[in-house]
Amino acid sequence: MVAFGKKLKESQIQEWQGYYINYKLLKKKVNRYAQQLEIGAQDHHYVLKDFSRMLDSQIEKIVLFLLEQQGQLANRLCDLREQHDVILQLSNGGSKICELQEAYRGVGHDLLRLLFFVEMNAIGLRKILKKFDKRFGYRFTNYYVKTRANHPYSQLRQVFRHVGIGAVVGAISRNLADLQDHQGNYVSIYDQPALSHPDPIVHSIKAAVNKLSNSTNFLEFLGKHAFIMQDDLPSPSEDDVAEQRYHFMSLLLNLVNTFLYMVNTYIIVPTADDYSLSLGAAATVCGVVIGSMAVAQVFSSVYFSAWSNRSYLRPLVFSSIVLLIGNTLYALAYDLNSIVVLLVGRLFCGLGSARAVNRRYISDCVPHKLRMRASAGFVSASALGMACGPALACLFQTDFKIYKLTFNQETLPGWIMAISWLVYLLWLLISFREPPQEIKRDIIPQEVRAGTVVNYAVENGITQPLLLNMEPKQGENGDQEYDDGEDESCEKTRKPVTSIVSAYRLLTPSVKVQLLVYFMLKYAMEILLAEASVITAYYFIWSTNSVAIFLACLGLTVLPVNIIVGTYISNMFEERQVLLASEIMVLIGILLSFHIGIPYSVPQYVGSALITFVSAEVLEGVNLSLLSRVMSSRLSRGTYNGGLLSTEAGTLARVIADGTITLSGYFGVAKLLNATLVPSLFICISSIIATCFTYNSLY
């Protein structure tokens, strides 16, 4: 791609200039619409209709030019095919083969120019749609894309899915492979694909095509659930850096860390009340036992996020050691008969939370083409750990001693997790590969020096009618807007924030509401899960096995629910509609959970718990999907990133929820259920009201 950028000619730039989407013209039109609407000269219906017509016209111009260029490339490939067939008949055609290879590479370079053309127009189209939505406060993008993308005569689909380019890529790849790998032999790559060594130009083309490819709906939805913010189209230099730093086993170890930590979090939930009673404390102290891990995680998330700026291996090693110590202390508390040791053990477990490192590794060290899958893997590992934790508690129905150490259903979770973290630590030390730090420090300078296609084109004016001096600035509502005439470098908008105060200033009102919603759903889920053992023992006399099975079944709903939402519901409704509907369903689940008047029954508890948990899971996926789009791109990197902010909001919710359970215990177990549901009800109603006030800005 770098070599291609250097070969661009000024005459070629000028030749294609008139076929780019005219961002400057469209932006002026948006401003004119705003003025007309303010004075009442036009109505919204006319604005939508007229702007849609203008975009259709712009896209038609792009698509027809794209088809014309594809036709020219196809004609050149046909001519080269004839020459190829002639060379096959020659006994000694070595020099001709070299010439033919260069000719195919020339077609490849021109194809790269065409891919760049598609990329820049796709970026311009997305930006003008985003600007229109922000200016007028409603989701024109959703209407325009949905009505155009699936129509049988859609030209928008040509821009985003680059139909027809695949055939050109295939012809170039196949013929270059035949000429390069099998001179004098000409064995087809279809027959012996293992013999093929793709030409460098083919690698460049495939990389460009991958940048323009869209993920499936479910994969994208599940990946955003991890809240690993991603740039729409990263520069080639950034992707090259990620390729060099990527190591599959290291990624796998990060996902295993995520899985084990979630198991560690939930494995004690079914037995925490019994353990508290065994040590002479009240059953409701289980809220403190469970919540102490979350308290420590509030602080550990910050220093692990900062540590990941310099290293990935060392924080993961530290995490494993601290968790090993924490689980050992948790298990020893029984024989020491000390609630303090129990709480210290759980605090150590929270101090070992490396989820910030896991997210950061995926964001920094996984190539863009694999990042969505890795993000979905992160979510899947978390969900699996959440289900496996309580399920494992079912297997610990035993009681024996080795020397002075007791092994029973209360202590076995600690011993099993301590052994698991020891095995993981050994695996980590053997198999993890630390990404090269010198590359990490040089990401920005390398991007400047690389002379990539995008940078070269911007410097030489190819994007003038498309992205002329478009720089993000803070709008009246705190949203990023793109304006003309700004002289500041766009690199400033890509720099990470350096303090929590700076990060907070980048939060728009709609983002703050989204974080409130995230706080609410985590609070409601923690109340439900953490007090399950106490509530079910009091009302239904459930055994530890019954509680564990119930919690495991709840955890197993995570992935199926996200599949349904990501595949079907998100395609039928706007995400803000799903968001509001899910909040209302959480509210209904909370209301149904109250014990008022009639005897409390198993169907009422299980049904209300299922409604609350499933609705909260739907809400979490949609909420984080919206957050990943509306949060500032500056919060996608650095210590104080969007992932850290969302983690802190969720962790703080868990801390307060667990504290609520313990404090409510002073009123007695009989009043525990209603006492803990009242704050959930209040927070849920507040989040619904806040969502309604910012509904038009959620897109």
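Calculation notes
- Residues numbered from 1 in each chain as written.
- Predicted model: local features only at pLDDT ≥ 70, side-chain atom pairs only at ≥ 80, totals over all residues.
- Heavy atoms only, no water.
- Helix = DSSP H or I, 4+ residues; strand = E, 2+ residues; numbered from the N terminus.
- Buried < 20%, exposed > 50% of the residue type's maximum accessible area, 1.4 Å probe, protein only.
- Contact = heavy atoms within 4.5 Å.
- Areas by Shrake-Rupley, 256 points an atom, 1.4 Å probe, with all protein chains shown as cover.
- 1 Å grid on protein atoms, 1.4 Å probe; cavity = no way out; pocket = protein on both sides within 12 Å on 5 of 7 lines; lining within 4 Å.
- Points joined across faces, edges and corners; volume = space filled by probe spheres on them.
- Nonpolar A, V, L, I, M, F, W, Y, C, P; charged D, E, K, R; others polar.
- Phe/Tyr/Trp six-rings, centres within 6.5 Å; stacked < 30°, edge-to-face > 60°.
- pLDDT = per-residue confidence, 0-100.
- Axes fitted to C-alpha atoms, helices over the stretch in contact; angles between N-to-C directions.
- Left-handed = near helix turned anticlockwise from the far one by under 90°.
- Patch = residues over 30% accessible without salt bridge, like charges linked within 9 Å, V, L, I, M, F, W, Y side chains within 5 Å.
- Salt bridge = Lys/Arg side-chain N within 4 Å of Asp/Glu carboxyl O.
- Expected span 1.5 Å × (residues − 1).

Visitor: Help me out: how do you make sense of the overall build of the chain in this one?
Guide: Across its full length, the chain holds 32 helices and 4 strands. Out of the 699 residues belonging to the chain, those deemed buried represent 55%. At a minimum sequence separation of 6, the contacts of the chain that also span at least 24 residues come to 82%. Summed over all atoms, the accessible surface of the chain reaches about 29700 Å², with 61% contributed by carbon and sulfur.

Visitor: Sorry if this is basic, but what is going on with empty space enclosed by the protein here?
Guide: Rolled over the atoms, a probe as big as a water molecule pinpoints where empty space is left. Tallied over the full model, the rule gives 6 cavities of 30 Å³ or more. Put simply, the largest cavity is a space of about 460 Å³. Taken together, 26 residues form the lining of the largest cavity, with Met262, Arg355, Tyr518, Lys522 and Glu620 sitting closest to its centre. Looking at the lining of the largest cavity, the element that brings in the most residues is helix H18 (residues 368-393), giving 5 residues. Grouping the constituent residues of the lining of the largest cavity by class yields 12 nonpolar, 7 polar and 7 charged.

Visitor: Just to check I follow, could you spell out the packing of aromatic side chains for this structure?
Guide: Geometry of an aromatic ring pair is reported as the spacing of the ring centres plus the angle between the planes. Evaluation of the coordinates by the stated rule reveals 24 aromatic pairs. Ring geometry for Phe304 against Trp307: centres 6.2 Å apart, planes inclined by 20°, an arrangement best described as stacked. Of the two residues, Phe304 and Trp307 both sit in helix H14 (residues 286-307), 3 residues apart, roughly one turn of that helix. What makes Phe304 buried here is its relative accessible area of 0%.

Visitor: Looking at this structure, I do not really get the environment of Leu260. What am I missing?
Guide: Structurally, the position occupied by Leu260 is in helix H12 (residues 248-266). For the pair Leu260 and Trp421, spaced 161 residues apart in sequence, the C-alpha to C-alpha distance is 7.9 Å. For Leu260, the contacting residues outside a window of four places in its chain are Met417, Ser420, Trp421 and Tyr424.

Visitor: Help me understand the environment of Phe259 in this model?
Guide: As for its position among the elements, Phe259 is in helix H12. Here the alpha-carbon distance between Phe259 and Val379, two residues 120 residues apart in the chain, equals 9.4 Å.

Visitor: Is there a simple way to think about the confidence of the model for the chain in this case?
Guide: Should pLDDT be low for a region, the predicted coordinates there are not to be read in detail. Counting all residues, the mean pLDDT for the chain is 77, and 72% of those residues have values of 70 or more. Throughout residues 1-11 the model reports pLDDT below 50, and contacts reaching past four residues in sequence, or to other chains, amount to 19 contacts. With pLDDT under 50 throughout, residues 182-187 is counted as low confidence; its partners more than four residues away or in other chains account for 14 contacts.

Visitor: I tried to follow unusual backbone geometry on my own but got confused; where do I start?
Guide: Most of the time, phi is negative for any residue but glycine, and the peptide bond is trans. Even without a glycine there, the phi angle at Asn337 is positive, about 50°. Mapped onto the elements, Asn337 comes out in the loop between helix H15 (313-336) and helix H16 (339-351). On the basis of relative accessibility, which here comes to 52%, the residue Asn337 falls in the exposed class. In the Ramachandran plot, Ile541 falls in the positive-phi region, its phi being about 55° despite a non-glycine side chain.

Visitor: Help me understand the packing of helix H31 (residues 642-664) against helix H32 (residues 672-693) in this model?
Guide: Between two packed helices, the angle of one axis relative to the other and the distance separating the axes together describe the packing. At a minimum axis distance of 9 Å, the contact between H31 and H32 shows a crossing angle of 145°. With respect to the hand of their crossing, H31 and H32 are arranged in right-handed fashion. Counted together, Thr660, Ile661 and Ser664 of H31 and Leu672, Ala675, Thr676 and Pro679 of H32 form the full contact between these two elements. Here the contact of H31 with H32 is built from residues that sort into 4 nonpolar, 3 polar and no charged.

Visitor: Would you mind going over the environment of Ala283 with me for this structure?
Guide: Structurally, the position occupied by Ala283 is in the loop between helix H13 (272-278) and H14. Separated by 10 residues in sequence, Ala283 and Asp273 have C-alpha atoms that sit 4.6 Å apart. Discounting residues that sit within four places of it in the chain, Ala283 has contacts with Asp273, Leu277 and Val534.

Visitor: Even after reading the chapter, I still don't get the side chain of Ser338, so can you show me in this structure?
Guide: Along the polypeptide, Ser338 turns up in the loop between H15 and H16. Among the residues examined, Ser338 registers a relative accessible area of 17% and is labelled buried. Not counting residues within four places of it along the chain, the set of residues in contact with Ser338 comprises Leu279 and Ala333.

Visitor: Explain a nonpolar patch on the surface to me, please; I cannot follow it from the model alone.
Guide: Residues Ile564, Tyr568, Met572 and Phe573 make up a contiguous nonpolar surface patch of roughly 450 Å² in combined accessible area. With respect to the helices and strands, the residue Phe573 is situated in the loop between helix H28 (558-572) and helix H29 (575-593).

Visitor: I'm lost on H32 in this one. Help?
Guide: In an α-helix, one full turn covers 3.6 residues, which means residues spaced three or four apart are oriented alike. Between its first and last C-alpha atoms H32 spans 33 Å; for 22 residues at 1.5 Å apiece the expected length is 32 Å, and the two agree. When we look at burial in H32, the residues that qualify are Leu672, Leu673, Thr676, Leu677, Ser680, Leu681, Ile683, Cys684, Ser687, Ile688, Ala690 and Thr691. Residues of H32 that are buried in the fold lie against helix H25 (509-530), helix H26 (532-539), H29 and H31.

Visitor: Looking at this structure, I do not really get H25. What am I missing?
Guide: Over its 22 residues, H25 extends 31 Å from the first C-alpha to the last, a length consistent with the 32 Å expected when each residue adds 1.5 Å. Judged by how many residues are buried, H25 sits mostly within the fold: 19 of 22 residues are covered.

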